[in-house]
Amino acid sequence: MNEILTTLEEILRKDCKINPQGGVYCLHEVNEPNYPITNIKQKGKLLLYSFDTEGSNDTLFWLFNSSLKGLTSICDYILFYPFQDTFFVFLCDLKSSQTSAKVQVETGQVVAQLIIKMLEKHLKFRQKIKIEYRSLVLSTSQRAKFSTNMKQKYVLLEGSNLENKLLKAGQDIFLDNLCF
């Protein structure tokens, strides 16, 4: 599985990669300085990317009309994490209100699926990788019902087959506990 991570680093733009700070990966809302930082803790190696940056829609979605509402809206982070025999792709969206993250994480899933297809093409895989896509929505909303037990089952995202967890922003995420 390390070959997969190494190849991802080769094929994806380096300016979209998020590096750990002091050995810890952090999720934060760049445009909201008061948004709480969420630390990711894990045992294995991971890769974290953000394609939701200023001007990124011009390069990431250059084929599409970005003036159409929601078409090029993407989740804040895509996290790649091999765990045991499965390659997990976590689509992370940060919210400061109770608005839905459905559009952003679904677009993130489409982009992640394209990345995985390009990875397979580049590596010329002879074996199928077991891939699981998960949505993690981190919110500061006081009205939200958060998943407090990390090993609690995911719920399907409204009108989708994407498994989702709503987590409180600012609390550490123990990634290994979300890999089931």
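Presented here is an overview of the structure given in this document. (Residues numbered from 1 in each chain as written. Predicted model: local features only at pLDDT ≥ 70, side-chain atom pairs only at ≥ 80, totals over all residues. Heavy atoms only, no water.)

Once that is clear, we can look at the overall build of the chain. Along the chain, the regular secondary structure elements total three helices and 10 strands. Across the chain, helices and strands are ordered from the amino to the carboxyl terminus as α-β-β-β-β-α-β-β-α-β-β-β-β. The burial tally for the chain puts 44% of its 180 residues in the buried class. Within the chain, residue pairs in contact and separated by at least 24 positions form 69% of the contacts whose partners lie at least 6 positions apart. (Helix = DSSP H or I, 4+ residues; strand = E, 2+ residues; numbered from the N terminus. Buried < 20%, exposed > 50% of the residue type's maximum accessible area, 1.4 Å probe, protein only. Contact = heavy atoms within 4.5 Å.)

The sheet built from three strands is open, its strands ordered β2-β3-β10 with mixed pairing. Of all the strands in the sheet, just β2 (25–27) and β10 (173–174) have a single pairing partner and so form its edges. Two strands pair when backbone bridges link them, and strand β3 (residues 38–41) and β10 are joined in this way by two bridges, in the parallel orientation. By the bridge assignment for β10, K41 is matched with F174. (Pairing = 2+ DSSP bridges.)

Time to look at a nonpolar patch on the surface. Residues W62, L63, F64, L68 and L71 make up a contiguous nonpolar surface patch of roughly 580 Å² in combined accessible area. Along the chain, W62 falls in the loop between α2 (56–60) and β5 (77–83). (Patch = residues over 30% accessible without salt bridge, like charges linked within 9 Å, V, L, I, M, F, W, Y side chains within 5 Å. Areas by Shrake-Rupley, 256 points an atom, 1.4 Å probe, with all protein chains shown as cover. Salt bridge = Lys/Arg side-chain N within 4 Å of Asp/Glu carboxyl O.)

This part is about the sheet that holds strand β1 (residues 17–18). Spatially, the seven strands line up as an open sheet ordered β1-β4-β5-β6-β7-β9-β8, and their pairing is mixed. Each edge of the sheet is formed by a strand with only one pairing partner; in this case those strands are β1 and β8 (155–156). Examined bridge by bridge, strand β4 (residues 47–49) and β5 share three bridges and lie antiparallel to one another. In the strand pairing of β5, L48 is matched with L79. The sheet strands contacting helix α1 (residues 2–11) are β1, β4, β5 and β6 (86–95), and the helix crosses β4 at an angle near 30°. Where helix α3 (residues 102–123) meets the sheet, its contacts fall on β5, β6 and β7 (131–139), and the angle it forms with β6 comes to roughly 150°. (Axes fitted to C-alpha atoms, helices over the stretch in contact; angles between N-to-C directions.)

With that out of the way, let us pick up the environment of Q109. Mapped onto the elements of the fold, Q109 is located in helix α3. The buried category is assigned to Q109, whose relative accessible area is 13%. Along the sequence, Q109 and R134 sit 25 residues apart, while their C-alpha atoms lie 8.7 Å from each other. Residues contacting Q109, with those up to four places away along its chain left out, are L91, Y133 and L162.

Across the seven residues that make up β5, a large majority, seven, are buried. Of the two faces of β5, the one lined by Y77, L79, Y81 and F83 and the one lined by I78, F80 and P82 are each fully buried. Inspection of the sheet shows β5 paired to β6 by seven bridges, in the antiparallel sense. Paired with F83 across the strands is T86, a residue of β6.

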